[in-house]
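Breakdown of the fold
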Amino acid sequence: MKMPEPDRNVLARRARIVAALSAIVPGEGVIAGEREMRPYESDGLTAYRQLPMVVVLPETTQQVSQVLKYCYDEGIKVVPRGAGTSLSGGALPLEDGVLLGMAKFNRVREVDFDNRVAVVEPGVTNLAVSAAVAHEGFYYAPDPSSQIACTIGGNIAENSGGVHCLKYGMTTNNVLGCEMVLMNGEIIRLGGKHLDAPGYDLLGVVTGSEGLLGIVTEVTVRILRKPETVRALMVGFPRSEDAGACVGAIIGAGIIPGGMEMMDRPAIRAAEDFVHAGYPLDVEALLIVELDGPGPEVDHLCGRVEAIAKACGAVSCQVSQSEEQRLLFWAGRKAAFPAVGRISPDYYCMDGTIPRGKLPLVLEKMKEMSRRYGLRVANVFHAGDGNLHPLILYDANVPGEIEKAEAFGAEILTLCVEVGGVLTGEHGVGVEKRDLMPAMFSETDLDQQQRVKCAFDEKGLLNPGKVFPTLHRCAELGRMHVSGGRLPFPDIPRF
Amino acid sequence: MADTLKPRDARDVEEAVRFALGNGTPLEVVGRGSKRAIGRPGQTDLTLDLSDLSGVTLYEPDELILSAKAGTPIAEIEALLASRHQELAFEPADYGPLLGGAAGEGTIGGVIATNLSGPRRIKAGAARDHFLGVHGVTGRGDSIKSGGRVVKNVTGYDLCKVLAGSWGTLAAMTEVTVKVLPKAETEASIVVHGLDDAQAARAMAAALGSPFDVSGAAHLPDHVTSHFGVLPDARAATVLRLEGFAPSVAHRSEALSTLMKPYGERAVLTQAQSQALWRDIRDVRPFAAGDNAARPLWRVSVTPGEAHKVAAAITPAAQMVYDWGGGLIWSAMPFADEPDSAAIRGAVAAAGGHATLIRAAAAVRASAEVFEPQAPGLAALGKRIKDSFDPKGVLNPGRMYAGV
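Residues numbered from 1 in each chain as written. Chains lettered and ligands numbered in written order. Predicted model: local features only at pLDDT ≥ 70, side-chain atom pairs only at ≥ 80, totals over all residues.

Focus: the overall build of chain A
Spelled out, the test is: Counting from the N terminus, the helices are the DSSP runs of H or I reaching at least four residues and the strands are the DSSP runs of E reaching at least two. The globule rule is 2.2 Å times the number of residues to the power 0.38, and the radius of gyration it is compared with is taken over C-alpha atoms. The contact criterion used here is simple: two residues whose C-beta atoms, placed from the backbone, lie within 7 Å are in contact.
In terms of regular secondary structure, chain A is built from 16 helices and 19 strands. Rg of the C-alpha trace for chain A: 24 Å, near the compact-globule value of 23 Å for 495 residues, within the 12% margin. If one aligns the C-alpha atoms of chain A with their principal axes, the spans along those axes are about 70 × 65 × 60 Å. Of the contacts formed within chain A by residues at least 6 apart in sequence, a portion of 72% connects residues at least 24 apart.

Laid out in structure tokens, this is it:
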């Protein structure tokens, strides 16, 4: 993976830079020793590692502002980091860059039940937001599987989803406002406790911008009242086509489940061997459908989903009769990644989204690729919204297998785009999928995205080397299409 | 009278923008023009009329998505969705009558470009939350796309968000993809009678904080209730909507009615009554006809619990409708040429939020700020975003803010 060329002039000034940053963030807020910086050398995408030039852990918005202003003036690159759980290398450090860790921003500032919002610092974990409002029966809806560790700031950077986003939306649909610092040190506020914002929807573009536009220092999120009842169905199908058709039929019947997850045979087997959830082992696809809401509604819908599943050819169907049983249904799905980890020395988790109707085709082609690459693949799938997580099994100790797994993964993602889907549904582009971006976007599309980046960070100092396969200086992006003086398409009537 | 360009396809749109760039001729970008009277009055000599870019290009009910050319009438899309028991869950309002025009005239592109959302905004999100993909031509004459045709997508910056609510100032959209959702099987509404604005705020907060999945929460003060045909009397009405499957709506109606008991006398509206009432609330019917149609009209978004305080700071001669649990205040001002901006802006600034002068005479809109003025840093960033898409200012220049 080619990263931006380190700036020798910056590296030569390292001692002075560390001293200047220590003056802004005193005490233990600046980490410059190699051993102490080691934990920051990678994020959840551990195949890539790089020690940063220095780690800074600010505690206040003012400090963030001063650090960025200093780096802006001095031309120093900055890589932001939350909990470092990114699966796409979004927080991969740069050799000549400051690694700006936001972990010390860990307070819940305000909970406002009357207006159904919480104001939190970006280093608060996703689960801690729900925990802070649970005593009044509320929760924060987006639930990425890393929710114990991942932070709200990181969720904004990645526009994180989770198993419930079919019904409750992703991060972008659950954030109302933020305070953020631009690369030049300027502090701005977007949105608030009210809905929508005047001017352009900048919060919408900041969410999912992978740390390239600014450093979020405070977040206002929408909180929801917990549903009264939650039940799940576990349904087995002899063919993945049947499971896919069942998902379509449930939605076609006007039912939007809280969650709808599918696993293929290898994933079912691995999960069952690991947690003994009672998954049927003689099926090609297993569907978990979770329904939430008032008791009478959930009971009514469980009956309807059961009937639909049977009509779609389900060979097994269980409806949870207790909270314990519901959690057991989920246990295998939630443990799918570590379960696969038990049957293979290493695995590589992909994250494409496809139009759901293309699932049988994509699974079939993936089997063919699996044979061709000589690597096994297990699939877990957010079936309701078409978000596919193929897990490619490999052994990093076998020379050449990492490269094979990466090539296999790239081929899967290219296939996702070919069938009308996208490269990433929730893990982000980062460094991992950066060079695949041209499979989805033209140069013109990417140039416009980079111009938006320039509006926030005209020197290109914030998290460079992520998302965009080719870096342009902002001045290079100025060209325009101009045509001559003739009125266009004169053959059609004008009024 | 300004000249009009009526492109037949996306290619023509690109050519039109390039022409505008070459000649320094700014364009007024319109669909069917139903919301043309909103915003700062334009100074353009050439209109880019996108209404011929019309037609649904993809509709997959099972995948919950629909793509349409930007000029497709919203009425056509809603009828198609209804035929499969689906809808645009953000419940786009019809501002036609409010602005002195006909009903049912808007386009999907116009709905997205104005981020137009109705009462269900509080539960289902705004237009922008349902906007998945776009093709369009920027003010640089570049044809670009963003997003896609799947709901879950984080590939690249979400430019859809910045285009939603940009009032045509960044790009002329040519085709959009939106998320669609099943229409509720049935609905009912609980009406609580006779509450003042502050009591209503507390009642709505309790309802929205309940597990009963309220999909609309409005307060109609006694001076506007006569405009709503289905309300039984002239007392103030606080209305709470429940939608979903029949057994669920029945259960929740009872539970919510019990929860509302301490607040006042209650009544239940049946499905047909509830539908009629919420359509009128969505389209702000009290201010669309008669003497009220001449009143300057503000659309104010604030923290819901602060709404009655904001309202108290505005002249008592103003008439109001509260939607979004109080977070959306429609305020119709008493005098035709006096929007009373200072009072509105002051009250909103104190509470946190923003106000848009949705309706006023062109001369008023030319002199008063129509959209909420922004803090200098934010305004400068907005201007840089504008410049990134449209550096020469050829697309709806000045529609939102002078120089943007």
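Focus on the domain arrangement of chain A
Many structure descriptions define interface size as the accessible area lost when the parts assemble. All names here are of chain A. Stated formally: Domain ranges listed in this record stem from an automatic or a database domain assignment.
Its domain assignment divides chain A into domain 1 (8-101), domain 2 (108-225), domain 3 (229-337) and domain 4 (344-428). One C-alpha centre belongs to domain 1, the other to domain 4; they are set 33 Å apart. Listed as interface residues are five residues of domain 1 and, on the opposing side, five residues of domain 4.

Concerning the pairing of strand E11 (residues 186-193) of chain B
All names here are of chain B. To be explicit about the condition: Exposed residues have 12 or fewer other C-beta atoms within 10 Å of their own C-beta, buried residues have 20 or more, and partly exposed residues fall in between, where C-beta atoms are placed from the backbone. Between any two strands, pairing holds if DSSP finds at least two bridges.
The buried fraction of E11 is high, at six of eight residues. Taken together, the eight bridges between E11 and strand E13 (residues 237-244) define a ladder with antiparallel strand orientation. Residue pairing across strands places Ile190 opposite Leu240, the latter belonging to E13. With four bridges connecting them, E11 and strand E14 (residues 266-269) associate as antiparallel partners. Following the sheet pairing, Ser189 is matched in E14 by Leu269.

What about the sheet that holds strand E9 (residues 187-191) of chain A?
Residue and element names in this part refer to chain A. Going by this rule: Axis lines are fitted to C-alpha atoms, over the contacting stretch for helices. Their N-to-C directions set the angle, which ranges from 0 to 180 degrees.
Taken in spatial order, the five strands make up an open sheet running E5-E6-E10-E8-E9, and their pairing is antiparallel. Unpaired on one side and paired on the other, strand E5 (108-112) and E9 mark the two borders of the sheet. Pairs of neighbouring strands in the sheet enclose a mean axial angle of 10 degrees, with direction left out of account. Both strand E8 (residues 175-181) and strand E10 (residues 215-222) contribute to a ladder of six bridges, which runs antiparallel. Residue Val175 lies in a different strand from E10, and its bridge partner there is Val221. Against the sheet, helix H5 (residues 126-133) engages E5, strand E6 (117-120) and E10, with an angle of about 130 degrees to E6.

Side note on the environment of B:Ala200
Residue and element names in this part refer to chain B. Mapped onto the fold, Ala200 is located in helix H6 (residues 197-208). Separated by 125 residues in the primary sequence, Ala200 and Gly325 place their C-alpha atoms 8.8 Å from one another. In this view, Ala200 contacts Leu195, His219 and Thr238; residues no more than four positions away in its chain are not counted.

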